[in-house]
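Listed below, chain by chain, are the residues.
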Protein chains: 2
Amino acid sequence: MLKKIKVGLIGLGTVGGGVVEILNKHADDFKARAGVDIELVRFADRNPSRFVELGLDPALCTTDPFEVIADPAIDIIIELIGGTGIALEVCKKALESGKHLVTANKAIMATSGHELLKMAEERGLNVRFEASVGGGIPIIGPLKRSLVSNEISQVMGIVNGTTNYILSSMASEGMSYDEALAQAQALGYAEADPSADVEGDDAAAKIAILASIAFNTPLSMDQVSTEGIRTIDAADISYAKDYGYAIKLLALANRTPEGIDMRVHPTMIAKSHPLAHVNGVDNAIYVIGDAVGETMFFGPGAGSGAAASAIVADVIEVARDIDNGRVSIQCSCVDDLAVRDMNKLRTRYYIRMVVKDQPGVLAKTASIFAANRVSIESLIQHTCEDERFAEIAYVTHDAYESDIQAALGEIRSLDIVEQVASLIRVQDL
Amino acid sequence: MLKKIKVGLIGLGTVGGGVVEILNKHADDFKARAGVDIELVRFADRNPSRFVELGLDPALCTTDPFEVIADPAIDIIIELIGGTGIALEVCKKALESGKHLVTANKAIMATSGHELLKMAEERGLNVRFEASVGGGIPIIGPLKRSLVSNEISQVMGIVNGTTNYILSSMASEGMSYDEALAQAQALGYAEADPSADVEGDDAAAKIAILASIAFNTPLSMDQVSTEGIRTIDAADISYAKDYGYAIKLLALANRTPEGIDMRVHPTMIAKSHPLAHVNGVDNAIYVIGDAVGETMFFGPGAGSGAAASAIVADVIEVARDIDNGRVSIQCSCVDDLAVRDMNKLRTRYYIRMVVKDQPGVLAKTASIFAANRVSIESLIQHTCEDERFAEIAYVTHDAYESDIQAALGEIRSLDIVEQVASLIRVQDL
């Protein structure tokens, strides 16, 4: 006879609906296959029409999340409200009330995650958050467990489906950024206000979470150097192809002798790299460990089923732990590494600028690059449609970020330079 | 103060050496990060020179594996002998002696795995075997845990690095099968006797293990319909390219209404599919679940570091379980599905044959296909260098395996047909 594990579900959006669906469909399978008896016993959402849409017993539903948390019969709270306002209060209150916590909330885990993990540890409770990164792709579990035997040197990935859809559409269909964004919005892949996705904040939260686990160090999203994709132009996509690259919004975290190098920005990667073939709303996360070498985890980064798959797996693991009277290893942040200054980055850069088409321009920019220790590997120059202007696309040799920024500062101030239109880092893989 | 978990290591080949190296390097990290104190306390290998090469204390070494098992201080036995002879005795004896077992032995797990798991369950012991499939790629852990919330419909992958190296070299460098095999042997990617790899048996063992977990059903490698890559010719690679496909040795297991469809054979897959970009000795495993959708796990399928990474992760998990006084969920083979007859396969087929270049040949073969309910989607015909002969490459519409085999039986008996050179199944993804 299995002990029944009682779960309260707070937040009944599409992902919450997915959780209800999986447990309706497979609760008996989980008894047989996983040895746990899980039941959703209370539901909360601010919108009562969701109770009807999901066919829930009205007696089990409330618009007050704290009513669910107050139910003494409940073992596990699933928080699917999102954002850092009421959701953070719900998470804290759940732990204070002795409930285990499963959440998909990347914003909370990337800002207050360590506070929650500490609260849980003090109370002998679990906090699980597999769905906060990569949708249904198993990545947090594998990092914590399957790759625990490795010293991880790099975690790098495409972790935002919206921006990957936009960049993929620009590359495959020759769309402009605005056209691709509009299409993504029409298909429901981008929000009406797409800022959190296209400015890179969503990806920054996710890489902070992954890096915390990979490097055993408490990290938050405000420590991630973050640039979005708004400035990427069809011209950049075209030059990237000429140079043999794809442009992806990469989230990276590298272990370096000077600390953790952690950033999100549009990146040129070789077309031959597996990440270059991750298109549309798919996500993929690359992990390099000293023993295993290079591994990649690929799958749908979003969608109600994918996220619900990860949430229910977390609930099953917590239920097993409850049955076994134990708590799983949480983030073991015992290393506390420093975060490296972005200016210490040394990599190759792609730079596109629009200049007045007159003699001496190339010499002038080249001498500024040289004076700042930036050496040019190759360049392509075209006269623009407006023949008074020319466009130059440079790729540099390895250079320091600080030198690049200093050089571009000087170049921007030249009156022969109309615009430094794009700066994209090149990742050699 | 952590309890010291004592481990006996049996088999000191390259992977065993990798295990020694990881534990030498990271044992202190595992105490801090994973909360377990693991020590290798006894070593066995039939070749005593390995003790010296690995710098082991001679007092801890023996050529008799059963001496290690008999040591009452040991908690966990790592079996890295390989094969099904003495290794199986070692695995059984370890469990009979109350030791937890970690093994990389796919041959044992794909033939006697369920017997070992049952023995372990009766004794409250763990058996772990992540390294038996996909080298260091986390796949068994994710299937058992991260994807436990899904009903899995398909597991499919490139799980043999040797054959993937050979097929990749044939495709990228235009080599013949024999040239590619010789190069793989020269680089240490293929054995002097490559049969187990090139005939598909290694891949069959691995898919049987994965399917057992995915479908909660005890399965063994002799239930896998298995064909190797020996008959693949440079001409097939070339036709595949013309048709927009790559040829890979796929191991597949599908849940179907008539039972589990489980097979290993050379397969044409669309060049746009992520598996088509898995080249060289890399492995990748694709998993489709009803909630998560399509996920892929990619990485190095072999190598001492990769396999050792998985083995040490298993040891750490078992050590945590020992500390917690519990045993993790093993294969929960509660569903016991039937295996479908290969003749019930319905898919598209590529068929290459060499015929006498004379009128009526095409009509004759076409009428035999039609009489056996096989409909041709497209064909390419070339005159051979020896102008008396022509080569025809067909791709069929969906047809039953039984009908294809019947048609080819009739076609082979025609005196105008010199040879049915290749039969490659086409996987629509």
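Refer to the preceding data block for the structure.
Residues numbered from 1 in each chain as written. Chains lettered and ligands numbered in written order. Predicted model: local features only at pLDDT ≥ 70, side-chain atom pairs only at ≥ 80, totals over all residues. Heavy atoms only, no water.

K.L.:
Tell me what's going on with the side chain of H100 of chain B, and back it up with residues and numbers.
P.N.:
Structurally, the position occupied by H100 of chain B is in strand β5 (residues 100–103). Apart from residues lying up to four places away in sequence, H100 of chain B is in contact with D75, I76, I77, G124, L125, N126, V318 and I322 of chain B. (Helix = DSSP H or I, 4+ residues; strand = E, 2+ residues; numbered from the N terminus. Contact = heavy atoms within 4.5 Å.)

K.L.:
Account for the packing of aromatic side chains, naming residues and giving values.
P.N.:
Residue and element names in this part refer to chain A. Applying the stated rule across the entire model yields seven aromatic pairs over all chains. Aromatic pair Y239 and Y350: ring centres 6.4 Å apart, planes at 50°, arrangement tilted. In this pair, Y239 is assigned in helix α12 (residues 234–242) and Y350 in strand β13 (residues 346–356), connecting sequence segments 111 residues apart. The residues Y239 and Y350 share a single accessibility class, namely buried. Over the ring of Y400 we find R346, and its NZ or CZ is 4.8 Å from the ring centre. (Phe/Tyr/Trp six-rings, centres within 6.5 Å; stacked < 30°, edge-to-face > 60°. Buried < 20%, exposed > 50% of the residue type's maximum accessible area, 1.4 Å probe, protein only. Lys NZ or Arg CZ within 6 Å of the ring centre and 35° of its normal.)

K.L.:
Mind laying out the relation of the copies chain A and chain B, listing which residues take part and the relevant values?
P.N.:
Overlaying chain A on chain B yields an RMSD of 0.0 Å, the required transformation being a rotation through 180° with an accompanying axial translation of 0.0 Å. Read as a symmetry element, the transformation amounts to a two-fold axis. The C-alpha atom lying nearest the rotation axis in chain A is that of F297 of chain A; the distance is 2.5 Å. (Least-squares fit on C-alpha atoms with pLDDT ≥ 70 in both.)

K.L.:
Help me get a handle on the pattern of salt bridges, residues and values and all.
P.N.:
Residues and elements named next belong to chain B. Under the defined criterion, the tally for this structure stands at 65 salt bridges over all chains. Two residues, R42 and E67, come together in a salt bridge whose shortest N-O distance is 3.1 Å. You can see R42 sitting in strand β2 (residues 37–44) and its partner E67 sitting in helix α3 (residues 65–70), a full 25 residues away along the chain. The class for E67 is partly exposed, based on a relative accessible area of 39%. The closest approach of N and O atoms between E258 and R340, which form a salt bridge, is 3.4 Å. Residue E258 is located in the loop between β9 (245–256) and β10 (259–270), and its partner R340 is located in the loop between α13 (304–324) and β13 (346–356); the two are separated by 82 residues in the primary sequence. (Salt bridge = Lys/Arg side-chain N within 4 Å of Asp/Glu carboxyl O.)

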